[in-house]
Amino acid sequence: MPDAATDALKTLETEGLAELRACADEAALRAWNTKYFGDKGLMKAAFGKIGGVPKDQRAAYGQEANRVKLALESAHQIKLAEEKEKKLQASLTANPLDVTLPGRFRPRGRLHPATQILRQISGIFADMGFQVYRTREVETDAMNFEALNMPAHHPARDMWDTFFTTTPGVLLRTHTSPGQIHVMRETHPKPIRVILPGMCYRNEAISTRSEIQFHQVEGLAIGAGITMADLKGTITAFARRMFGPERQVRIRSSYFPFTEPSIEVDIDWPKEDPNRDRLTKGTGWLEIMGAGMVHPHVLRAGGYDPAEVTGFAFGMGPQRMLMLRHAVDDIRLFWQNDLRFLRQF
Ligand code: DAH
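As the structure is a computational prediction, the values presented were derived from the model and not from experiment. (Residues numbered from 1 in each chain as written. Predicted model: local features only at pLDDT ≥ 70, side-chain atom pairs only at ≥ 80, totals over all residues. Heavy atoms only, no water.)

**What to know about the packing of aromatic side chains**
Formally: Any pair of Phe, Tyr and Trp rings, taking the six-membered ring for Trp, is counted once the centres come within 6.5 Å. Such a pair is stacked with planes under 30 degrees apart, edge-to-face with planes over 60 apart, and tilted for the rest. Relative accessibility thresholds used throughout: buried, under 20% of the residue-type maximum; exposed, over 50%; partly exposed, between the two (1.4 Å probe, protein chains only).
The tally for this structure, following the rule as stated, stands at 12 aromatic pairs. Note on phenylalanine 334 and tryptophan 335: the rings are 6.4 Å apart at their centroids and 55° apart in plane angle, and the pair reads as tilted. For tryptophan 335, a relative accessible area of 23% corresponds to the partly exposed category. Among the aromatic residues, those joined into a cluster by ring pairs are Phe125, Phe130, Phe238, Phe312 and Phe314.

Rendered as structure tokens:
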């Protein structure tokens, strides 16, 4: 060495690099690659010549050929990367992209406030061992009234303005209380600890304060030796988780046909709330639910023996609680599906 064959390799290298430098775009680079490294390319031809090289120079020739091959390959790769980068820069300046622009807003669904509060209430009672029991919205007179200690023509029926269906004796439930009978009949004689959330219907004039449909959450506990103290403890625990750990609970005597004695439960409204006076009509106390000890007639209607078990029940309106908590002054907003309202929760 040097000899004619290795000189040819050197020339191949010099020319290859020069031609590579002259390539102006990716297409030219591709053509170059075919010319040098294609099946019929110059590099392959150079390797093919090895047979014609005198024996004692073959190894050197082979080494040199490999060196040239690597040199050309790596130069090609570098040039190709440069071309790609040039192309990217060109497209970035041609279509400038403002990376400081805020991203596109993707609307995300959320839970309706009624669902939110139902879940919250269920969560609080679940922690106290209450299970959720769902029952029907279309009820019979027998369940909605009679089994709850209101025979036909009982004056207390007037407390619930009822939607009747065209089928005699079938109506839309006016409260979740008939669910009590369903759970009892299904569970007796075992003890019960459930809440019964669900939609109720009343044939009332719609106003800011009353809707024809609304949720209730009923509660029922049946077992040996259950007393009013259990009711009070349960309600107090609930009120403090729902409305704040400082809340005081006040119990007033009341009347419901399905409980004896019956009570209404008030909580002291937080002094910090600017709406306190308006909400509580100046008293500082606000009613949150009706409740009582399950009437013996009702226990019997559910299949239990009042000589063996007692129980308590309560019923509350989650929409009313939402209104109190968020100072909502129109109950109709809950079912109007106005997103401006719903998005606030
Ligand atoms: N059902 C009653 C209503 O709709 C609420 C109620 C009061 C439920 C007392 C009860 C209860 O379980 O014990 O007004």
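On we go from here.
**Focus: the pairing of strand E6 (residues 249-256)**
Put simply, the test is: At least two bridges found by DSSP between two strands is the condition for calling them paired. We count a stretch as a helix when DSSP gives it H or I for four or more residues in a row; a strand needs E for two or more, and each element gets its number in order from the N terminus.
The sheet contact formed by E6 and strand E7 (residues 259-268) spans 7 bridges and is antiparallel. In the strand pairing of E7, valine 249 is matched with isoleucine 267. Hairpin remark: E6 followed by E7, antiparallel, with 2 residues in the connecting loop.

**Here we look at the sheet that holds strand E9 (residues 310-316)**
For clarity, the cut-off: Contact definition: two residues touch when any of their heavy atoms are within 4.5 Å. Angles here are taken between N-to-C directions and fall from 0 to 180 degrees, while the axes themselves are lines fitted to C-alpha atoms, restricted in helices to the stretch in contact.
Pairing in this open sheet of 7 strands is mixed, and the strands run E1-E4-E5-E9-E8-E7-E6 from one edge to the other. Taken across any chain shown, the strands that pair with only one partner, and hence form the sheet edges, are strand E1 (131-132) and E6. Summarising the sheet, E7 and strand E8 (residues 285-294) pair through 8 bridges and their orientation is antiparallel. Bridging across to E8, isoleucine 263 finds its partner in alanine 291. Sheet strands touched by helix H5 (residues 113-127): E1, strand E4 (192-201), strand E5 (213-223) and E9. Its angle to E5, the strand with the most contacts, is close to 10°.

**What about the pattern of salt bridges?**
Note the threshold: Salt bridges are counted wherever a side-chain nitrogen of Lys or Arg sits within 4 Å of a carboxyl oxygen of Asp or Glu.
Evaluation of the coordinates by the stated rule reveals 16 salt bridges. Among the ionic pairs, glutamate 64 bridges to lysine 10, the shortest N-O distance being 3.3 Å. You can see glutamate 64 sitting in helix H4 (residues 58-94) and its partner lysine 10 sitting in helix H1 (residues 4-22), a full 54 residues away along the chain. The salt bridge partner of glutamate 73 is lysine 69, with a shortest N-O separation of 3.7 Å. On the criterion of helical spacing, the pair formed by glutamate 73 and lysine 69 is a turn pair, its members being 4 residues apart in helix H4. When its relative accessible area of 28% is taken as the criterion, lysine 69 is described as partly exposed.

**Brief notes about H5**
Along an α-helix, residues three or four apart share an orientation, since each turn contains 3.6 residues. The line we're drawing: Under the convention used throughout, the expected extent of a helix is 1.5 Å for every residue step, that is, one less than its residue count. This arc describes the spread of directions from the helix axis toward the C-beta atoms.
With 15 residues, H5 should cover 21 Å at 1.5 Å per step; its first-to-last C-alpha distance of 21 Å lies within 8% of that length. All buried positions along H5 are accounted for by Pro113, Ala114, Ile117, Leu118, Ile121, Ser122, Ile124 and Phe125. When H5 is viewed along its axis, its buried side chains cluster within an angular range of 170° and face the same direction. When the buried face of H5 is taken as reference, the exposed residues oriented beyond 90 degrees from it are Arg119 and Asp127.

**Examining the nonpolar core**
Among soluble globular proteins, nonpolar side chains are generally buried collectively. Put simply, the test is: For this analysis, a nonpolar core means a set of buried residues of the types Ala, Val, Leu, Ile, Met, Phe, Trp, Tyr and Cys, connected via side-chain atoms within 4.5 Å.
Ranked by size, the top nonpolar core spans 38 residues in total, and within it Phe238, Phe314 and Met316 carry the most contacts. Where this core is concerned, the elements lending two or more residues are H5, E5, helix H8 (228-243), E7, E8, E9, helix H11 (318-326) and helix H12 (339-342). The element that contributes the greatest number of residues to this core is H8, accounting for 6 residues. With residues up to four places along the chain from it excluded, the contact list for methionine 316 reads Ile121, Phe125, His215, Gln216, Val217, Phe238, Ile288, Met289 and Met321. Membership of the second largest hydrophobic core comes to 25 residues, among which are Ala156, Leu171, Phe258 and Val298.

**Topic: the side chain of serine 210**
The criterion, for reference: Nitrogen and oxygen atoms within 3.5 Å of one another constitute a polar contact, given that in protein one can donate a hydrogen and the other can accept it, and given that sequence-neighbouring residues count only through two side-chain atoms.
Within the secondary structure, serine 210 sits in the loop between E4 and E5. One polar contact links the side chain of serine 210 to the main-chain carbonyl oxygen of alanine 205, over a distance of 3.1 Å. Each residue touching serine 210, except ones within four places of it in the same chain, is listed here: Glu204, Ala205 and Ile331.

**A word on the packing of H5 against H11**
Defined as follows: For classification purposes, angles smaller than 35 degrees are called roughly parallel, those larger than 145 roughly antiparallel, those between 65 and 115 roughly perpendicular, and all remaining angles oblique. Charged residues are taken to be Asp, Glu, Lys and Arg, nonpolar residues to be Ala, Val, Leu, Ile, Met, Phe, Trp, Tyr, Cys and Pro, and polar residues to be all remaining types, Gly included.
It is the contact of H5 with H11, at a shortest axis distance of 10 Å, that shows an interaxial angle of 105°. The orientation of H5 with respect to H11, classified from their angle, is roughly perpendicular. The residues of H11 that touch H5, namely those facing Pro113, Ala114, Ile117, Leu118, Gln120 and Ile121, are Pro318, Gln319, Met321, Leu322 and Arg325. Across the contact of H5 with H11, the residue classes break down as 8 nonpolar, 2 polar and 1 charged.

**Some remarks on unusual backbone geometry**
A cis amide bond links histidine 188 with the next residue in sequence, proline 189, at an omega value of 5°. Tracing the sequence through the fold places proline 189 in the loop between helix H7 (178-187) and E4. A cis geometry characterises the amide bond from glutamate 260 onward to proline 261, with omega recorded as -5°. Looking at the element boundaries, proline 261 is found in strand E7. For alanine 327, which is not glycine, the phi torsion reads 50° and is therefore positive.

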